[in-house]
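Geometric and topological summary
One letter stands for each residue in the lines below.
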Amino acid sequence: MNTPALTCFTLGINDHVAHLVLNKPEAMNTMHPTFWRELDAVLAHLHQAGEARALVISSTGKHFSAGMALETFSGAITMDDQSPEGRAAIFDLLTDMQTTFTHIDNLRIPVIMAIHGGCIGGAVDMVTAGCIRYATQDAFFCIQEINIGMVADVGTLQRLPKLIPLGVVKELAYTGRRLPAQKALGYGLVNEVFDTQEAMLAAALQCAQEIASKPPVAIWGTKQAVNYARDHSVEDSLRQMGWLQGAIWSNQHVRESVAAMKQKRTGDFPPLTPLQRFSELG
């Protein structure tokens, strides 16, 4: 599968670890339609190809991302509030935008976010869809939407309450205050805080490499189970776990994992099967 052409990002894959870098530092990595299209294309590629077993998303410049490019709303995106038909179209537009970040949540592989500087507005929507978040000492999170007179609408208010205390979510969402990295660590939003961006990125890639050394189908099943449990009751999740384990159990993978541990070597496991869209078959 051909890697999509990118202008807002760079993508590399090494030893089954994909590294996607936001690469428009001169624009503070703001999110405009091209950003959205390219991110959607990259995620679809990684999901379908099966080559990468973990994904790290990092950034360049002073800030991780300043969020949605405000000029987009006066140009590429029309938000018509003058008729019920126009307001219905806003719903459909937002659903389409939300789907892109949901692709991160639903990706067949774990996603590690490496965050430095400002993670603002739409960037919070994006990083909350990841599995693991690392941050630098200078990182901060801001639900910027309330500061410009609107409600955050692409995932923050839905995912953040699953990650940190509800009272903290409300404080941040109502005030638009910045949440510094150390406080984010205390609340559990980030897994670890690092002194430098280089140290953070090295740790993120090391974590991704550890994940990539496990049986890909077992990692896939683990992500399926954890995400399902997040959104369902314990009873329903246990039932789903039984079906899931029955579907993917492999004596061969268990034997190889145990042998690799004893022999202090990397295990040898088959990759996830490449996917094709139904419309592309035939």
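To be clear, the structure that these remarks concern was listed above.
First things first, this report covers the structure right here in the doc. From a predicted model like this one, the values you see are computed outputs, not experimental measurements.

All right, on to the pattern of salt bridges then. With the rule as written, the count across this model stands at nine salt bridges. In this structure, the salt-bridge partner of Lys24 is Glu26, at a minimum N-O distance of 3.9 Å. Under the relative-accessibility criterion, Lys24 is labelled partly exposed at 28%. A relative accessible area of 61% means that Glu26 is categorised as exposed. Linking Asp231 and Lys162 is a salt bridge whose minimum nitrogen-to-oxygen distance equals 2.9 Å. Taken together, the residues span a long stretch of sequence, with Asp231 in helix H8 (residues 216-231) and Lys162 in the loop between helix H4 (156-159) and helix H5 (166-175) at a distance of 69 residues. Residue classification places Asp231 among the partly exposed residues on the basis of a relative accessible area of 41%. According to the relative accessible area criterion, Lys162 is partly exposed, its value standing at 47%.

On inspection of all chains with the given rule, the structure shows four aromatic pairs. Between the aromatic rings of Trp36 and Phe101, the centroid separation amounts to 5.1 Å while the plane-to-plane angle is 40 degrees, which identifies the pairing as tilted. Of the two residues, Trp36 sits in helix H1 (residues 33-49) while Phe101 sits in helix H2 (residues 84-106), which places them 65 residues apart along the sequence. On the accessibility criterion, Phe101 (0% relative accessible area) is buried. A centroid spacing of 5.5 Å and a plane angle of 70 degrees characterise the contact between Tyr134 and Phe194, whose relative ring orientation is edge-to-face. Here Tyr134 is found in strand S6 (residues 132-136), whereas its partner Phe194 is found in strand S9 (residues 192-194), with 60 residues between them in sequence. The exposure classification of Tyr134 matches that of Phe194, with both residues buried. Among the aromatic residues, those joined into a ring-pair cluster are Phe9, Phe35, Trp36 and Phe101. Here Arg178 stacks its cationic end above the ring of Phe140, 4.0 Å away from the centre of that ring.

This part is about the nonpolar core. Within the largest apolar cluster, 51 residues are counted, with the highest numbers of intra-cluster contacts made by Phe35, Leu55, Met126 and Phe141. Broken down by secondary-structure element, the contributors of at least two residues to this core are strand S2 (17-22), H1, strand S3 (54-59), H2, strand S4 (111-115), helix H3 (122-127), H5 and helix H6 (181-187). Examining the composition of this core, we find that six residues originate from one element, H1, more than from any other. Sequence-distant contacts of Phe141, defined by excluding residues within four places in its chain, comprise Ile115, Cys119, Val124, Val127, Arg177, Arg178, Leu179, Ala184, Leu189 and Val190.

This part is about the pairing of S2. By the criterion of burial, S2 is predominantly enclosed, with six of the six residues buried. Residue alternation in S2 divides its side chains into two sets, Val17, His19 and Val21 and Ala18, Leu20 and Leu22, and both sets are buried. Across six bridges, strand S1 (residues 9-14) lies against S2 in antiparallel orientation. By the bridge assignment, Phe9 is partnered in S2 with Leu22. Joining the antiparallel neighbours S1 and S2 is a turn of two residues, in which Asp15 adopts a positive phi near 50 degrees.

Now for H1. For an α-helix, 3.6 residues make a turn, and residues three or four places apart therefore share a direction. Given a rise of 1.5 Å per residue, 17 residues ought to cover 24 Å, and the 24 Å separating the end C-alpha atoms of H1 matches this to within 8%. Those residues of H1 lying buried are Phe35, Trp36, Glu38, Leu39, Val42, Leu43, Ala44, His45, Leu46 and Gln48. Where the residues of H1 are buried, they touch S1, S2, S3, H2 and H3. A positive backbone phi angle near 80 degrees is found at Gly50, which sits one or two residues after H1.

Between H2 and H8, the least distance of the axes is 10 Å, while the angle of their chain directions is 120 degrees. It follows from the interaxial angle that H2 and H8 lie oblique. Taken together, the residues of H8 that come into contact with H2 (itself represented by Ile104, Asp105 and Asn106) are Lys223, Asn227 and Arg230. Taken together, the residues that form the contact of H2 with H8 break down as one nonpolar, two polar and three charged.

Here we take up the sheet that holds S4. By definition, the strands of a sheet pair up through backbone hydrogen bonds, in either a parallel or an antiparallel sense. One open sheet holds the six strands; their spatial order is S1-S2-S3-S4-S6-S9, and the pairing between them is mixed. Both outer strands of the open sheet, S1 and S9, are each paired with one neighbouring strand and no more. Within the sheet, the average angular offset between the axes of one strand and its neighbour, ignoring direction, is 20 degrees. In this structure, S6 lies alongside S9, joined through three bridges in parallel fashion. Bridged to Tyr134 within S9 is Glu192. The sheet strands contacting H1 are S1, S2 and S3, and the helix crosses S1 at an angle near 15 degrees.

Scoring rules and cut-offs
- Residues numbered from 1 in each chain as written.
- Predicted model: local features only at pLDDT ≥ 70, side-chain atom pairs only at ≥ 80, totals over all residues.
- Heavy atoms only, no water.
- Salt bridge = Lys/Arg side-chain N within 4 Å of Asp/Glu carboxyl O.
- Buried < 20%, exposed > 50% of the residue type's maximum accessible area, 1.4 Å probe, protein only.
- Helix = DSSP H or I, 4+ residues; strand = E, 2+ residues; numbered from the N terminus.
- Phe/Tyr/Trp six-rings, centres within 6.5 Å; stacked < 30°, edge-to-face > 60°.
- Lys NZ or Arg CZ within 6 Å of the ring centre and 35° of its normal.
- Core = buried A, V, L, I, M, F, W, Y, C linked by side-chain atoms within 4.5 Å.
- Contact = heavy atoms within 4.5 Å.
- Pairing = 2+ DSSP bridges.
- Expected span 1.5 Å × (residues − 1).
- Axes fitted to C-alpha atoms, helices over the stretch in contact; angles between N-to-C directions.
- Parallel < 35°, antiparallel > 145°, perpendicular 65-115°, else oblique.
- Nonpolar A, V, L, I, M, F, W, Y, C, P; charged D, E, K, R; others polar.

Function cannot be read off these values alone, since they describe shape.
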